[in-house]
Amino acid sequence: MTNSQHQRTGDRAGVVDAVEFARLREDFPILDRTIRDGKPLVYLDSGATSQRPVCVLDAEQEFVTGHYGAVSRSSHQLAEEATDFYEGARSKIAGFVGAGRPEQIAFTKNATEALNLVAYAFSNSAGYGAPADPSSPFALGPGDEVVVTEMEHHANLVPWQELCRRTGATLRWIPLGDDYRLDLSTLDEIVTRSTKVLAFTHQSNVLGTVNPVDLLVAAARRVGALVVLDACQSVPHQGVDLAALDVDFAAFSGHKMLGPTGIGVLYGRYELLAQMPPFLTGGSMIEQVFMDHTTYAAPPQRFEAGTPVVTQAVALGAAVDYLTDVGMPAIARHEAELTGLALQELGRLPGVRLIGPADLTDRGGAVSFDVEGVHAHDVGQILDDAGVEVRVGHHCAWPLHRRYGLAATVRASFALYNTADEVGALVDAVKDSQRFFLGAGTTAAGGRAS
Amino acid sequence: MKLDQLYQEIILDHYRAPHHRGLREPFQAQVHHVNPVCGDEVTLRVRLADASDAGSVVRDVSYDSLGCSISQAATSVMTDLVIGRTLPEAFAVLDEFTEMVTSRGTIEGDEEALGDGVAFAGVAKYPARVKCALLGWMAFKDAASSAVGGTEVVGSNDEGAQR
Ligand SMILES: Cc1ncc(COP(=O)(O)O)c(C=O)c1O
């Protein structure tokens, strides 16, 4: 079996201390580069996209230079080998997120496409003009409701808005509380018998808040709604067992978990995938094609129309190997340490308001903040000048920002290759931005317009 | 340090004490522009001396905005440069400013034509900030274009001229 040729990164299971994590930095050559005028790179934007270890590129190179061919289409030896690599990657990724069988994993372009795939399955089940089969779990129409939350990334909000627009269903949402967590006090009024889908994020990409999946799944189960989990910010940072979480669907992106761009993952409960209509159609997703109609392949091929993202899948498989070798519990602990430090250090800077829970309870490593009197864009520019790369803006969660009266925030986000010194560099640069724009104790007039 | 080229004193001065800020009446057109990347916003009104004339003098530009130092200062500088000029003159300055900030640093900008606007030459080296510098200018372009032929709005009812 060709997949066994894949080089593991070495037995790193059990590394836990900061020294070992600092050593992992050698696996990420980009971390050695400098920014602007020779400042060492402090990469704190892994929440947007993570950096890649060499072994991921090596896996891609080994596959492309040694085993590449058309998957699942030809019967020559290269096609067989390529198919083995591709399906091997699917199995690894399935194992990584607790999917019982590899067929529960479909590859897409990114998480956004995976979420759209599910949303389109609902409107496609209506059968173009014909009413939806009411017994289908994907039947949706006027009177039905789709529930999301106020903290969603646009990727898990706009597709549902659009689905409601196409079907006549109504969009509702669980509000955010002042404590930067979902306000579940009226959950039973929002998730009702009319609810057909409950879509929410596992971990907020802005607040860091980890949502109570068990409570939300229970609420959906009580009313027979399907659960869609946006796992983009959880899967890269903690061990996630989607089967144990009991969600119906989940989506995440390769490029946020040390893997390549151009690949996303849709996880689904198999019985549901088997009943789900396709999103994109064409080659490779068919069972039989006639001039006037087509029958579809079983999952996951039904959801992978056209030549699939083979090279990216192989590379993502290598990223999953790397994460597994380091160990997700160790990664979660390491990132929690950095997050705790950042919360503590930033939290005690005068004029800095943390936008997210202030302690580590049910909280991951996205640390967003507002610097009073200095626009996030300007803070980001000063940080960049110090080599500290963070994200500024609304982070594709505009309604969340509006909820807290903010136009934009600064977000530092961590990955396994970050260090405590880098948190120090962040804090120093934030102080620099205050000095630069506010001087000695003055407040800029223009920071927030009337 | 490069940062001083970006954040020149003139820019910080305009940021701290913006010119012509606030929404005034009358006006013939009002627009609302946002930068979808960062959520910065500007509501901007244009009052022409003679709305029936495409060569009219710009009598006033008033605005309310939310944004970073670059976008706030650029809007402030823009009002200095266009108020009192004819529309063709104002559009010519707009083109020159746009050319400078999108030049990636290859065009310095003519101080004669751009006044304080030349301070934004440094922005050209930070492509991510170009949109910030242009937010107010693009709002002006939009509002000024629709002010021609527009009717005067007084009495603070935003509707009608809002687009
Ligand atoms: C919580 C969350 N959901 C969805 C996405 C969308 O991911 P992608 O842009 O890779 O489709 C992101 C990342 O941008 C995210 O952080």
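The model shown is predicted, which means the values in this text are computed figures rather than measured ones.

Enquirer: Could you give me a rundown of the packing of aromatic side chains, with the residues and numbers involved?
Expert: Applying the stated criterion to the full structure yields 17 aromatic pairs over all chains. Aromatic pair A:Tyr120 and A:Phe279: ring centres 5.0 Å apart, planes at 25°, arrangement stacked. With a gap of 159 residues between them, A:Tyr120 in helix α4 (residues 111-124) and A:Phe279 in the loop between α9 (270-275) and β11 (286-289) connect regions that are remote in the sequence. Summarising the aromatic geometry, the rings of B:Phe97 and B:Trp137 are spaced 4.5 Å apart at their centres and angled 15° between planes, so their arrangement reads as stacked. With B:Phe97 in helix α4 (residues 87-101) and B:Trp137 in helix α6 (residues 130-147), this pair connects stretches of sequence that are 40 residues apart.

Enquirer: I'd like to hear about the side chain of B:Thr75, residue by residue, with values.
Expert: Along the polypeptide, B:Thr75 turns up in helix α3 (residues 69-82). B:Thr75 has contacts with B:Tyr63 and B:Gly136, leaving out every residue within four places of it along the chain.

Enquirer: Explain the sheet that holds strand β1 (residues 29-35) of chain B residue by residue, including any values.
Expert: Residues and elements named next belong to chain B. In spatial order, the strands read β1-β2-β3; together these 3 strands make up an open sheet with antiparallel pairing. The open sheet is flanked by β1 and β3 (58-66), the only strands paired with a single partner. On average, adjacent strands in this sheet sit at an angle of 20° to one another, irrespective of strand direction. Here 8 bridges tie strand β2 (residues 40-48) to β3, and the two strands are oriented antiparallel to one another. Looking at β3, one finds that Arg-47 is bridged to Asp-60. Against the sheet, α3 makes contact with β2 and β3, and its axis sits at roughly 175° relative to β3, the strand it touches most.

Enquirer: Give a detailed account of the pairing of strand β5 (residues 145-149) of chain A, specifying residues and quantitative values.
Expert: Residues and elements named next belong to chain A. The buried fraction of β5 is high, at 5 of 5 residues. The alternating pattern of β5 places Glu-145, Val-147 and Thr-149 on one face and Val-146 and Val-148 on the opposite face, and all of these are buried. Of the pairings in the sheet, the one linking β5 to strand β7 (residues 195-201) comprises 3 bridges and is parallel in character. Paired with Val-147 across the two strands is Leu-198, which belongs to β7. Pairing of β5 with strand β6 (residues 170-174) involves 5 bridges; the strand directions are parallel. The residue bridging Val-147 from the neighbouring strand is Arg-172, located in β6.

Thresholds, definitions, all that
Residues numbered from 1 in each chain as written. Chains lettered and ligands numbered in written order. Predicted model: local features only at pLDDT ≥ 70, side-chain atom pairs only at ≥ 80, totals over all residues. Heavy atoms only, no water. Phe/Tyr/Trp six-rings, centres within 6.5 Å; stacked < 30°, edge-to-face > 60°. Helix = DSSP H or I, 4+ residues; strand = E, 2+ residues; numbered from the N terminus. Contact = heavy atoms within 4.5 Å. Pairing = 2+ DSSP bridges. Axes fitted to C-alpha atoms, helices over the stretch in contact; angles between N-to-C directions. Buried < 20%, exposed > 50% of the residue type's maximum accessible area, 1.4 Å probe, protein only.

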